[in-house]
Amino acid sequence: MCSTCGCSGEGSGTRVNLVESQQHEHPHDHDHGEEHGHGHGHGHGHGHGHAPTVEQTRTILLEQEILSKNDSLAAANRHRLQEQGITAVNLMSSPGSGKTTLLENTVHALAGKRETLVIEGDQETWLDAQRIMATGSKVVQINTGAGCHLDADMLGSGLTELAPPDGSLVFVENVGNLVCPALFDLGETARVVIISVTEGADKPAKYPYMFRTADLVLLNKIDLLPYVDFDVDLCLGLISQLKPDAQVLQISATRGDNLSSWLDWLAAL
């Protein structure tokens with residue numbers, strides 16, 4: 001049981017699938033056992049001076065063990081990517097922020113310029129992978145079952161299936177969630193957090209760790225600003241308070257506003 005968001009990965013069996021065409025699907029079952037049922041407790045002390053219970057102690061030790069193992073696997077992924085000159089970008093956001101639309105348009109924009117591949121993370125379905133496949137990009141689908149995020153082991157398995165060539169660009173579309181994906185290092189080159197104007201402008205204050213760990217924040221769906229009640233200045237101010245050096249780009253993945261700045265940022269990685 002994940003104490004941060006309540007997910008349970010016990011026995012869920014992560015499935016890593018290489019998608020080349022709708023007629024050629026190759027599911028692979030991976031039983032992650034204990035390490036998939038992770039906990040992310042953060043010491044919720046209440047100031048009563050009581051000694052921790054055995055259950056609390058075991059939970060903390062288990063969390064430390066899981067996160068330590070994940071960090072080791074992330075380091076191996078990072079070394080693997082660096083050895084091959086591969087850039088891996090971890091895209092994180094709430095569900096419905098526009099990650100997949102952004103990826104579709106990014107793949108199209110980079111066609112003929114740089115080989116771009118995608119690892120899709122969702123609890124269930126191949127829907128996003130099918131959308132990416134339609135762009136002509138090679139894509140791997142990872143279904144986490146009851147799991148709430150991708151981890152370094154899953155990325156390692158996905159990279160093995162994907163087999164990206166040297167010098168390529170790999171996007172990792174994480175499970176839609178503003179909590180757990182921020183806690184797990186995948187070994188990625190950079191982290192990008194997307195927030196859309198259809199969400200609350202106070203999201204950075206509510207989910208600070210996600211925004212503190214971002215290398216770039218994309219404020220998406222700005223084409224909808226005339227139709228929604230979203231305080232851009234408040235949102236940008238909260239992001240700046242959390243990470244003063246944060247880079248923020250305001251874009252519309254659907255209409256194409258400011259996508260050139262996004263492509264320039266990618267090229268500089």
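Calculation rules
- Every chain's residues receive numbers from 1 upward, in the order its sequence appears when written.
- In keeping with the model being predicted, local features are shown solely for residues with a pLDDT of at least 70 and side-chain atom pairs are shown and tallied solely at 80 or more, while totals for entire chains, interfaces and linings include all residues.
- Excluding hydrogens and water, the side-chain figures rest on all heavy atoms present in the structure.
- Helical segments are the DSSP runs of H or I of at least four residues, strand segments are the runs of E of at least two, and each set is numbered from the N terminus.
- Partly exposed residues are those whose accessible area sits between 20% and 50% of the maximum for their type, while under 20% is buried and over 50% is exposed, using a 1.4 Å probe and protein chains only.
- Between two residues, a contact is recorded if the distance between any of their heavy atoms is within 4.5 Å.
- Reported accessibility uses the Shrake-Rupley method at a 1.4 Å probe radius. Residues are deemed covered only where the shown protein chains occlude them.
- Salt bridge, as used here, is a side-chain nitrogen of Lys or Arg placed within 4 Å of a carboxyl oxygen of Asp or Glu.
- Side-chain rings of Phe, Tyr and Trp, where Trp is taken by its six-membered ring, are said to pair if the distance between their centres is within 6.5 Å; with planes under 30 degrees apart they count as stacked, over 60 as edge-to-face, and otherwise as tilted.
- The pairing criterion for strands is at least two bridges between them, as found by DSSP.
- Residue-level confidence of the predictor is summarised by pLDDT, bounded by 0 at the bottom and 100 at the top.
- To obtain each axis, a line is fitted to C-alpha atoms, and for helices this fit is confined to the stretch in contact; angles are then taken between N-to-C directions over 0 to 180 degrees.
- Each angle is binned into one of four classes, with values under 35 degrees roughly parallel, values over 145 roughly antiparallel, values of 65 to 115 roughly perpendicular, and all other values oblique.
- Residue type decides the class: Asp, Glu, Lys and Arg count as charged, Ala, Val, Leu, Ile, Met, Phe, Trp, Tyr, Cys and Pro as nonpolar, and the leftover types, Gly among them, as polar.
- We define a nonpolar core as any set of buried Ala, Val, Leu, Ile, Met, Phe, Trp, Tyr and Cys residues linked to one another through side-chain atoms lying within 4.5 Å.

### Points about the overall build of the protein chain
Along its length, the protein chain carries 9 helices and 9 strands. By the burial criterion, 49% of the 269 residues in the protein chain qualify as buried. The contacts in the protein chain between residues at least 6 apart in sequence include a share of 74% that link residues at least 24 apart. Accessible area for the protein chain stands at about 12500 Å²; split by element, carbon and sulfur atoms hold 50% of it.

### Some thoughts on the pattern of salt bridges
Inspection of the entire model under this criterion finds 7 salt bridges. Between Glu-188 and Arg-78 there is a salt bridge, with the nearest N and O atoms lying 3.7 Å from each other. Taken together, the residues Glu-188 in the loop between helix 5 (180-183) and strand 7 (190-196) and Arg-78 in helix 1 (residues 54-84) connect sequence positions 110 residues apart. By relative accessible area, Glu-188 is classed as buried at 7%.

### Structural notes on the packing of aromatic side chains
The tally for this structure, following the rule as stated, stands at 2 aromatic pairs. Centroid distance Phe-171 to Trp-262: 6.2 Å. Interplanar angle 35°. Geometry classified as tilted. Placement of the pair is Phe-171 in strand 6 (residues 169-173) and Trp-262 in helix 9 (residues 259-267), with a sequence separation of 91 residues. Overall, the relative accessible area of 0% leaves Phe-171 in the buried class. Pairing Trp-262 with Trp-265 gives two aromatic rings, centres 5.9 Å apart and planes at 10°, and the pair type is stacked. Taken as a pair, Trp-262 and Trp-265 lie in helix 9 at a separation of 3 residues, close to a single helical turn. A connected cluster of aromatic rings, assembled from ring pairs, spans Phe-171, Trp-262 and Trp-265.

### Re the pairing of strand 6
A large share of strand 6 lies buried, amounting to 5 of its 5 residues. Across the two faces of strand 6 the burial is the same, with Leu-169, Phe-171 and Glu-173 and Val-170 and Val-172 all buried. Two strands pair when backbone bridges link them, and strand 3 (residues 87-93) and strand 6 are joined in this way by 5 bridges, in the parallel orientation. Following the sheet pairing, Leu-91 is matched in strand 6 by Glu-173. Strand direction decides the pairing type here: strand 4 (residues 116-122) and strand 6, joined by 5 bridges, are parallel. Paired with Val-118 across the bridge in strand 6 is Phe-171.

### Some words on the confidence of the model for the protein chain
Mean pLDDT over the protein chain stands at 84; residues scoring 70 or higher make up 76%. With pLDDT under 50 throughout, residues 8-12 is counted as low confidence; its partners more than four residues away or in other chains account for 9 contacts.

### Points about unusual backbone geometry
For Thr-125, which is not a glycine, the phi torsion comes out positive at approximately 75°. By secondary structure assignment, the location of Thr-125 is in the loop between strand 4 and helix 3 (127-133). Classification of Thr-125 as partly exposed rests on a relative accessible area of 39%.

### Let's talk about the packing of helix 2 (residues 99-110) against helix 9
Where helix 2 contacts helix 9, the axes come no closer than 11 Å and their chain directions differ by 70°. Here helix 9 runs roughly perpendicular to helix 2, going by the angle between their axes. Across the interface between the two elements, Leu-102, Asn-105, Thr-106, Ala-109 and Leu-110 of helix 2 pack against Leu-259, Trp-262, Leu-263 and Leu-266 of helix 9. Of the residues that constitute the contact of helix 2 with helix 9, the class distribution is 7 nonpolar, 2 polar and no charged.

### Some points on the nonpolar core
Grouped together as the largest cluster of nonpolar side chains are 25 residues, with contacts concentrated most on Leu-102, Phe-171, Val-192, Leu-218 and Trp-262. Contributing elements (two or more residues each) for this core: strand 3, helix 2, helix 3, strand 6, strand 7, strand 8 (216-220) and helix 9. Every residue in contact with Phe-171, bar those within four places of it in the chain, is listed here: Val-89, Leu-91, Leu-103, Thr-106, Thr-116, Leu-117, Val-118, Ile-119, Trp-262 and Leu-266. Membership of the second largest hydrophobic core comes to 18 residues, among which are Leu-178, Ala-182, Ala-201 and Leu-219.

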